[in-house]
Amino acid sequence: MRRVLKAAILGATGLVGIEYARILSQHPYIKPAYLAGKGSVGKPYGEITRWQTVGQIPKEIADMEVKPTDPKLMDDVDLIFSPLPAGAAGPVEEEFAKQGFPVISNSPDHRFDPDVPMMVPEINSHTVTLIDEQRKRRDWKGFIVTTPLCTAQGAAIPLAPIFMNFKMEGAFVTTIQSLSGAGYPGIPSLDIVDNILPLGDAYDAKTVKEVYRLLSETKRNVQEPHIKEVSLSATTHRIATIQGHYEVAYVTFKEETSAEKVKEAMEEFKGEPQDLKLPSAPDKPILLTNKDNRPQVYFDRWAGNPPGMSIVVGRISQVNKKTIRYVSLIHNTVRGAAGGGILTAELLTEKGYLPK
């Protein structure tokens, strides 16, 4: 009989925290047992949380008391989900790992530690073995695993089957990202209404850096070119949609490559989560649409089964013999954050890093 895992959600009242609470309330074996917050300790979760997602707050969660972010109070907790903001997350997550807790983090603070996996389970599940090195090097009983930036996931998941199967020369990605990517309360209305807001060189650079790492950890069916020979570039923007990051990609190749072959590779793409039939694994990580006016943020951000866990890709076209174009859409707070973290926890359970 499978053991029920009790999870703590740090930052449980934030936009990603509420997605964790929503998804885990319906999960078959990972349950929200401890909701941690700042400035709302001692109050009922349902009383102080802005439930900015689908449905209503489940009663069993609404009645739970928000508690301090303190590992000493979590004796019966099996794992930690941490969507804490950059800067604040790092030392908190380290303390939990030192105290023996498995930590799954959506924060950037540990993404490029050499002994910390930065995981998209369909792309680089084999990097889970870094946990063993991490524990040994740091003398921790627990560990930290990170998930990538939601923007980087939206770029990397469609690029993965391309890099796996073709001699890819480079990719230029333009992102059009939703407001929820900035957290709550987010961006002042006078900065975003009637506007498109460039996120700047630093955000562009970290997106590219994370995509490079994910692709470098992809198991390939072609041997060249090496990832260092592939040119990646991104420009990132925010617009006044609530959820869903839309991305336009132009991909170049070292030899003639047909858009139809790329479609086939995306259609067939799957990973270990699909083979293991993990509860949060979509049947198809990439859903293709042939409609000329899709994907659209409003209609397609909840695509897949479970909802919001598939990337929708459309408008795949041949620019020239060595270049294709496509657009993609990721639900940033589900697949790009909470749902991806939960899928990672399911994989860790199957791999023996969490009690089964």
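Computed from a predicted structure; not experimentally measured.

Draft legend 1. Seen up close, the overall build of the protein chain. Looking only at helices and strands, the protein chain features 13 helices and 12 strands. Relative to the globule expectation of 21 Å for 356 residues, the C-alpha radius of gyration of the protein chain, 20 Å, shows essentially globular dimensions. Counting only C-alpha atoms, the protein chain reaches 60 × 50 × 40 Å along its principal axes. A separation of at least 24 residues holds for 76% of the contacts in the protein chain among residues at least 6 apart in sequence. For the protein chain, the exposed area adds up to about 15400 Å²; of that, 51% sits on carbon and sulfur atoms.

Draft legend 2. Main features of helix α4 (residues 89-98). Every buried residue of α4 is accounted for by A89, G90, E93, F96 and A97. Seen along its axis, α4 keeps its buried residues to an arc of 135°; they face one direction. For α4, the elements touching its buried residues are β3 (79-82), β4 (102-105) and β5 (143-146). The first or second residue beyond α4 is G100, which carries a positive phi of 100°.

Draft legend 3. Representation of the pairing of strand β8 (residues 231-238). Summarising the sheet, strand β6 (residues 168-177) and β8 pair through eight bridges and their orientation is parallel. Following the sheet pairing, T174 is matched in β8 by T235. With two bridges joining them, strand β7 (residues 197-198) and β8 adopt antiparallel strand pairing. When the sheet's bridge partners are listed, P198 is paired in β8 with H237.

Draft legend 4. Just the environment of G42, in detail. If you trace the backbone, G42 turns up in the loop between β2 (30-35) and α2 (45-48). Spatially, the C-alpha atoms of G42 and H110 are 30 Å apart, while their sequence positions differ by 68 residues. Apart from the residues within four sequence positions on either side, G42 is in contact with E65 and V66.

Draft legend 5. Just the pattern of salt bridges, in detail. Taken as a whole, this structure holds 20 salt bridges when the rule is applied. Among the charged side chains, a network of salt bridges with common partners joins D113, D115, E133, R137 and R138.

Draft legend 6. Expanded view of unusual backbone geometry. Along the chain, E224 connects to P225 via a cis peptide bond; the corresponding omega equals -5°. You can see P225 is positioned in the loop between α9 (201-216) and β8. In this chain, R294 is followed by P295 through a cis amide linkage whose omega measures 10°. Among the structural elements, P295 can be located in the loop between β10 (286-289) and α12 (297-300). The phi angle at K277 is positive, at roughly 55°, despite the residue not being glycine. When you line up the elements, K277 lands in the loop between α11 (272-276) and β10. Note on K277: relative accessible area 72%, which makes it exposed. Positioned with a positive phi, R315 is a non-glycine residue whose angle comes to about 55°.

Draft legend 7. Summary view of the side chain of R325. When you line up the elements, R325 lands in strand β12 (residues 323-330). Buried charge R325 goes without a salt bridge, the closest partner of opposite sign being D292 at 5.9 Å. Within the structure, R325 has its side chain in polar contact with the backbone oxygen of R315 (distance 2.9 Å). Those residues in contact with R325, other than ones at most four positions away along the chain, are V248, A249, Y250, R315, I316, S317 and V319.

Draft legend 8. How the structure looks around the sheet that holds strand β1 (residues 5-9). Strand order across the open sheet formed by five strands is β2-β1-β3-β4-β5, with parallel pairing between neighbours. Single-partner strands in this sheet number two, and they are β2 and β5. With strand direction ignored, the average angle separating the axes of adjacent strands in the sheet is 30°. Here β1 runs beside β2; their pairing, made up of five bridges, is parallel. Bridge assignment links I9 to a residue of β2, and that residue is L35.

Reading the values: rules and limits
Residues numbered from 1 in each chain as written. Predicted model: local features only at pLDDT ≥ 70, side-chain atom pairs only at ≥ 80, totals over all residues. Heavy atoms only, no water. Helix = DSSP H or I, 4+ residues; strand = E, 2+ residues; numbered from the N terminus. Rg over C-alpha atoms; globule rule 2.2 N^0.38 Å. Contact = heavy atoms within 4.5 Å. Areas by Shrake-Rupley, 256 points an atom, 1.4 Å probe, with all protein chains shown as cover. Buried < 20%, exposed > 50% of the residue type's maximum accessible area, 1.4 Å probe, protein only. Arc of directions from axis to C-beta. Pairing = 2+ DSSP bridges. Salt bridge = Lys/Arg side-chain N within 4 Å of Asp/Glu carboxyl O. Lys, Arg positive; Asp, Glu negative; His and termini not counted. Polar contact = N/O pair within 3.5 Å; in protein donor to acceptor, adjacent residues only side chain to side chain. Axes fitted to C-alpha atoms, helices over the stretch in contact; angles between N-to-C directions.

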